[in-house]
Amino acid sequence: MQTDSQCKMILFYLKDRGSINAKEARQLCQCERLAARIKDLRRKGIPIKTETKTYINKNGYPVRYAVYRLEDTEC
């Protein structure tokens, strides 16, 4: 899948669902490099914020992951 197609799908998902993480991007958009696509969208002027979340994996270790959301642009 081409980069532009992935960017369009990710942007649609952000607008429709409000957020996306790497697992969702792999499942829904066949995108293995979500951070790179987010960078591409930001370069195009799309305001996206990153929220870091943490969970404890099955071995008891903390794991961090990024959740991306569109920024509120209303004044």
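Just above, that's the structure.
Keep in mind the model is a prediction, meaning the values are calculated, not measured.

Definitions and limits used
- Residues numbered from 1 in each chain as written.
- Predicted model: local features only at pLDDT ≥ 70, side-chain atom pairs only at ≥ 80, totals over all residues.
- Heavy atoms only, no water.
- Helix = DSSP H or I, 4+ residues; strand = E, 2+ residues; numbered from the N terminus.
- Expected span 1.5 Å × (residues − 1).
- Contact = heavy atoms within 4.5 Å.
- Phe/Tyr/Trp six-rings, centres within 6.5 Å; stacked < 30°, edge-to-face > 60°.
- Buried < 20%, exposed > 50% of the residue type's maximum accessible area, 1.4 Å probe, protein only.
- Salt bridge = Lys/Arg side-chain N within 4 Å of Asp/Glu carboxyl O.
- Axes fitted to C-alpha atoms, helices over the stretch in contact; angles between N-to-C directions.
- Parallel < 35°, antiparallel > 145°, perpendicular 65-115°, else oblique.
- Left-handed = near helix turned anticlockwise from the far one by under 90°.
- Pairing = 2+ DSSP bridges.

1. Regarding helix α1 (residues 3-17)
Okay, so step 1: For α1, with 15 residues, the first-to-last C-alpha span of 21 Å sits near the 21 Å given by 1.5 Å per residue.
Okay, so step 2: Tucked into the core, α1 has its buried residues touching β1 (19-21), α2 (22-29), α3 (34-43), β2 (48-56) and β3 (62-70).
Okay, so step 3: Glycine 18 sits one or two positions beyond α1 and adopts a positive phi of about 95 degrees.

2. Observations concerning the packing of aromatic side chains
Okay, so step 1: Applying the stated criterion to the full structure yields one aromatic pair.
Okay, so step 2: Where tyrosine 55 meets tyrosine 65, the ring centres are 5.9 Å apart and the plane angle is 65 degrees; that geometry is what we call edge-to-face. Of the two residues, tyrosine 55 is situated in strand β2 and tyrosine 65 in strand β3; the sequence distance between them amounts to ten residues.
Okay, so step 3: For tyrosine 65, a relative accessible area of 32% corresponds to the partly exposed category.

3. Some words on the pattern of salt bridges
Okay, so step 1: For the structure on display, the rule yields four salt bridges.
Okay, so step 2: Measuring nitrogen to oxygen at the nearest pair gives 3.7 Å for the salt bridge that ties arginine 17 to aspartate 16.
Okay, so step 3: On the basis of relative accessibility, which here comes to 58%, the residue arginine 17 falls in the exposed class.
Okay, so step 4: For arginine 69, the salt bridge identified is with glutamate 51, shortest N-O distance 3.2 Å. With arginine 69 in strand β3 and glutamate 51 in strand β2, this pair connects stretches of sequence that are 18 residues apart.
Okay, so step 5: The exposure class of arginine 69 is partly exposed, given its relative accessible area of 25%.

4. A closer look at the packing of α1 against α2
Okay, so step 1: At a minimum axis distance of 11 Å, the contact between α1 and α2 shows a crossing angle of 120 degrees. Here α1 is positioned oblique relative to α2, judged by the angle of their axes. The way α1 lies across α2 gives a crossing that is right-handed. Contacts from Gln6, Met9, Ile10 and Tyr13 of α1 reach α2 at Glu24, Leu28 and Cys29.

5. Observations regarding the sheet that holds β1
Sheets are built from strands that pair by backbone hydrogen bonding, the pairs being arranged parallel or antiparallel.
Okay, so step 1: Taken in spatial order, the three strands of this open sheet run β1-β3-β2, and their pairing is antiparallel. Looking along the sheet, the strands with just one partner apiece sit at the ends: β1 and β2. Strand-to-strand twist of the sheet, defined as the mean angle between neighbouring strand axes without regard to direction, takes the value 30 degrees.
Okay, so step 2: Where β2 lies against β3, nine bridges are found, and the strand directions are antiparallel. The residue bridging isoleucine 48 from the neighbouring strand is leucine 70, located in β3.
Okay, so step 3: Against the sheet, α1 touches β1, β2 and β3, its axis set at about 130 degrees to β1.

None of this, on its own, says anything about what the molecule does.
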